[in-house]
Amino acid sequence: MNSRWKILVVDDETVMRESLAAWLREDAYTVDIAASGREALEMAKSTAYDIYFIDLKMPPGINGIETMIELRKLQPDATVVIVTAYATVDTAISAIKEGAQEYMVKPCNPEEISIFVQRVIRLKNLERENVYLRRKLSRR
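Here is what the cut-offs are and how they apply
- Residues numbered from 1 in each chain as written.
- Predicted model: local features only at pLDDT ≥ 70, side-chain atom pairs only at ≥ 80, totals over all residues.
- Heavy atoms only, no water.
- Helix = DSSP H or I, 4+ residues; strand = E, 2+ residues; numbered from the N terminus.
- Buried < 20%, exposed > 50% of the residue type's maximum accessible area, 1.4 Å probe, protein only.
- Contact = heavy atoms within 4.5 Å.
- Salt bridge = Lys/Arg side-chain N within 4 Å of Asp/Glu carboxyl O.
- Arc of directions from axis to C-beta.
- Phe/Tyr/Trp six-rings, centres within 6.5 Å; stacked < 30°, edge-to-face > 60°.
- Lys NZ or Arg CZ within 6 Å of the ring centre and 35° of its normal.
- pLDDT = per-residue confidence, 0-100.
- Lys, Arg positive; Asp, Glu negative; His and termini not counted.
- Polar contact = N/O pair within 3.5 Å; in protein donor to acceptor, adjacent residues only side chain to side chain.

S.K.: Summarise unusual backbone geometry; cite the residues concerned and give the values.
M.R.: Between Lys106 and the following residue, Pro107, the backbone shows a cis peptide bond with an omega angle of -5°. Inspection of the secondary structure assignment puts Pro107 in the loop between β5 (102–105) and α5 (110–139). Phi at Ala28 is positive, roughly 70°, even though this residue is not glycine. Following the sequence through the fold, Ala28 ends up in the loop between α1 (14–26) and β2 (30–34). Residue class for Ala28 comes out partly exposed when judged on its relative accessible area of 42%.

S.K.: Mind laying out the environment of Leu20, listing which residues take part and the relevant values?
M.R.: On the secondary structure map, Leu20 appears in helix α1. Taking the C-alpha atoms as reference points, Leu20 and Leu41, 21 residues apart in sequence, are found 19 Å from one another. Sequence-distant contacts of Leu20, defined by excluding residues within four places in its chain, comprise Val9, Phe53 and Ile113.

S.K.: Lay out the pattern of salt bridges in plain terms, naming residues and giving numbers.
M.R.: Close approach of charged atoms allows side chains with opposite charge to pair. This structure, assessed with the given rule, holds seven salt bridges. A salt bridge links Glu13 to Lys106; the shortest N-O distance between them is 3.8 Å. Residue Glu13 is located in the loop between β1 (6–10) and α1, and its partner Lys106 is located in the loop between β5 and α5; the two are separated by 93 residues in the primary sequence. For Glu13, a relative accessible area of 39% translates into the label partly exposed. A salt bridge links Lys106 to Asp55; its shortest N-O distance comes to 3.2 Å. Highlighted residues: Lys106 in the loop between β5 and α5 and Asp55 in strand β3 (residues 51–55), separated in sequence by 51 residues. Both residues of the pair, Lys106 and Asp55, count as buried.

S.K.: Pulling in residues and values, what's your account of helix α2 (residues 37–46)?
M.R.: Buried within α2 we find Gly37, Ala40, Leu41, Met43 and Ala44. For α2, the angular spread of buried residues about the axis comes to 165°, placing them on one side. For α2, the exposed residues lying more than 90 degrees away from the buried face are Arg38, Lys45 and Ser46. The inward-facing, buried residues of α2 abut β1, β2, β3 and α3 (64–74).

S.K.: Please give an account of the packing of aromatic side chains that cites residues and values.
M.R.: Applying the stated criterion across every chain, the model contains two aromatic pairs. For Lys57, the ring lying beneath its charged end belongs to Tyr86, and the centroid distance is 4.6 Å.

S.K.: Can you lay out the confidence of the model for the chain for me, pointing to particular residues and giving the numbers?
M.R.: Mean pLDDT over the chain: 91, with 98% of residues reaching 70 or higher. Ranking the elements of the chain by mean pLDDT puts helix α4 (residues 89–97) last with 89 and β2 first with 97.

S.K.: Just give me the short version of the side chain of Arg72, but keep the residues and values in it.
M.R.: Looking at the element boundaries, Arg72 is found in helix α3. For the buried residue Arg72, which engages in no salt bridge, the nearest side chain bearing the opposite charge is Asp77, 6.8 Å off. Within the local environment of Arg72, its side chain forms a polar contact with the side chain of Gln101, the two groups lying 3.1 Å apart. The contact partners of Arg72, leaving out residues within four places of it in the chain, are Ala78, Val80, Glu98, Gly99 and Gln101.

Quick look at the structure:
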């Protein structure tokens, strides 16, 4: 059931934010939106999101990488995707070094996003199953 997976889309551009959220909702995910890094951080304090799609450049305030770093402090296990229209090798390397699991270039392909999210969910399910089985094994 996809609705149990929570996703936050963070982008200062309304069209991009709404489009990405709509694509994800079509796949039956629970999706919230934030217009800035600061708003995303406030939302993350009260809701544990599984996946974050964060725009790299978001004026004013903190950028996508800074937002990701702060989110990691709140939710270390969350998957973070940096999305940008200003892709460079340097920003890609920086995003991955700081903990992004993926770096996507705008405009985003809805099919690519769906496949990525499905892959993340499969991985998270395997990790959870692994933890469960290890606990069960250690009790014996």
